[in-house]
Structures are given as structure tokens and as C-alpha cells.
Amino acid sequence: MIPTQILRVLSTMHQFEARVLLMGGQACVLYGAAEYSRDLDLAVMVTPDALPKLCAGLDALNATVIAVPQFDVKYLERGHAVHFSVPDEQFAPLRVDLMSRMRGVDEFSALWNRRTSIALPDNAADGEIVIDVMALEDLVSQVDFWLAELRSPEFLVELVVRSPIGAARSTRPAVIAAITGGDVAEQMSKEQLRAMSADREYWMPLRRELESLRHAARRI
């Protein structure tokens, strides 16, 4: 179930016809995930005709920027997230993160064309609110990344269960262990040792060079 605070934000954006796509943990809830994050992640369109509608929605919510960078199209187009806080009379402020460009993900226009629209009860308005959600294929486009990078045995096993096709493509020993019922934690420990050894090999000459430069600077 999507929390009331988040529905209020989405309803407001819908009211002002802002082109926003629900993504992240809250979007996963609508596709059947059991858990969700406490924040709200939105992909947004910031074209000249779409930006005023987005700004109007943010103004109506009394949203304020709470971190760097500031709310500026140039930062969003470079791939930064802009972080807002939305006050609420009944609950703690809600953090809302906006992005318009994401690594490894298509342009917003393509995401918008593939979106899923879901009607949910809007108790505040005694009606329904239509939520535009990032397509499932786009939400899971980074499955391969997580299969390669997750460092929690429990989460990796869960991801393998949820994404068997992606897992079958992986050559990572820890993923293979998760598929075959092997010792995932042991494989991750071996990975950590290999990574630490590689780090030492990479950084050792650089550290020696820095030490040499420091010594040379002291002699001057």
C-alpha cells in the first residue's frame, strides 16, 4: 500500500499535469514487492513546456530543496538528483528525489511512452488518482548491475529468486552459488579477499609515489 503522504504528492503532480514517473521502491510496491523505501523517487520531464507544470506542483506542495545541487534544469540534465522536503500537517516531512536523466536508462520520453498507468483510491478527493509508473522493464534494467555488485548474501539470494533469467546469464561465483544452493557467503568472502588484493596492487605504487613527492617537497 502506498502511504498517504506519497499519494498526496502524486495527486498534486497529477492535478498540475506534471509529467512525473514513480520509480524506486514505491513503484516496486505496485508491481508486487513486499517492501518499500520511505522516500519518494520520481523521474521528471524538464522540457520548456513541462517544467512550469512541475514547478507549479512543487510550489503547491511547499517543497523546499534540502541539499545540493539546487533545483536547476542544468543539474537534472547532467544526471544529478535534486532532493526536496515536503511538509505535512500530520506526518514528518517527506523526502522527494527528482531525476530526469539516469545512467543506463533511456531518455524520459521513451520511459514515458512505456509507462504503466495505475488507478488508485484517492481518499482525500473521494475518487481515484491515476499514477504513472515506470515500466517494469525499466525498473529492472539494472538487475545485471545488482547481480554483479550486491554484497549481502540474503539480498543476492532474493534477487536471484526474483530475477532467474538475469541470474542465469551471470558468471559470478556468488550468483551461481545462489542458483545451485551453494555457500553464497563463502563465495562473497573470497570475492572480498580478491578485491582487497587487487586494491593493494593498484594503490601501492601510487602511495609510494605520493610518499616520494612528500619527501621531495620537504627537502625544498
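Figured I'd write up the structure that's included with this text. (Residues numbered from 1 in each chain as written. Predicted model: local features only at pLDDT ≥ 70, side-chain atom pairs only at ≥ 80, totals over all residues. Heavy atoms only, no water.)

**Thoughts on the packing of helix H8 (residues 153-162) against helix H10 (residues 173-180)**
For the pair H8 and H10, the least separation of the axes is 9 Å and the interaxial angle reads 65 degrees. What the angle tells us is that H8 and H10 run roughly perpendicular. Crossing angle aside, the handedness with which H8 passes H10 is right-handed. Packed against H8, whose contacting residues are Leu156, Val157 and Val160, the element H10 presents Ala174, Val175, Ala178 and Ile179 at the interface. (Axes fitted to C-alpha atoms, helices over the stretch in contact; angles between N-to-C directions. Helix = DSSP H or I, 4+ residues; strand = E, 2+ residues; numbered from the N terminus. Parallel < 35°, antiparallel > 145°, perpendicular 65-115°, else oblique. Left-handed = near helix turned anticlockwise from the far one by under 90°. Contact = heavy atoms within 4.5 Å.)

**Digging into the pattern of salt bridges**
Summed over the entire model, instances satisfying the criterion amount to 10 salt bridges. For the salt bridge of aspartate 106 with arginine 114, the shortest nitrogen-to-oxygen distance reads 2.8 Å. Taking the relative accessible area as the measure of exposure, arginine 114 reaches 27% and is therefore partly exposed. Residue glutamate 191 is joined to arginine 151 by a salt bridge in which the shortest nitrogen-to-oxygen separation is 4.0 Å. Of this pair, glutamate 191 sits in helix H11 (residues 184-219) while arginine 151 is found in the loop between helix H7 (143-149) and H8, placing the two residues 40 residues apart along the sequence. (Salt bridge = Lys/Arg side-chain N within 4 Å of Asp/Glu carboxyl O. Buried < 20%, exposed > 50% of the residue type's maximum accessible area, 1.4 Å probe, protein only.)

**Observations regarding the packing of aromatic side chains**
Centre distance and the angle of the planes are the two values used to describe a pair of aromatic rings. If you walk through the whole model with that rule in mind, you get 3 aromatic pairs. When the centroid spacing of 5.3 Å and the interplanar angle of 75 degrees are considered together, the rings of phenylalanine 71 and phenylalanine 84 count as edge-to-face. Note that phenylalanine 71 is positioned in the loop between strand E3 (64-65) and helix H4 (73-78) and phenylalanine 84 in strand E4 (residues 82-86), a separation of 13 residues in sequence. Overall, phenylalanine 71 belongs to the partly exposed group, its relative accessible area being 26%. A ring pair is formed by tyrosine 202 and tryptophan 203, whose centres lie 5.0 Å apart and whose planes are at 90 degrees; its orientation type is edge-to-face. Tyrosine 202 gets classed as exposed once you look at its relative accessible area, which sits at 53%. Residue tryptophan 203 is classed as partly exposed on the basis of its relative accessible area of 42%. (Phe/Tyr/Trp six-rings, centres within 6.5 Å; stacked < 30°, edge-to-face > 60°.)

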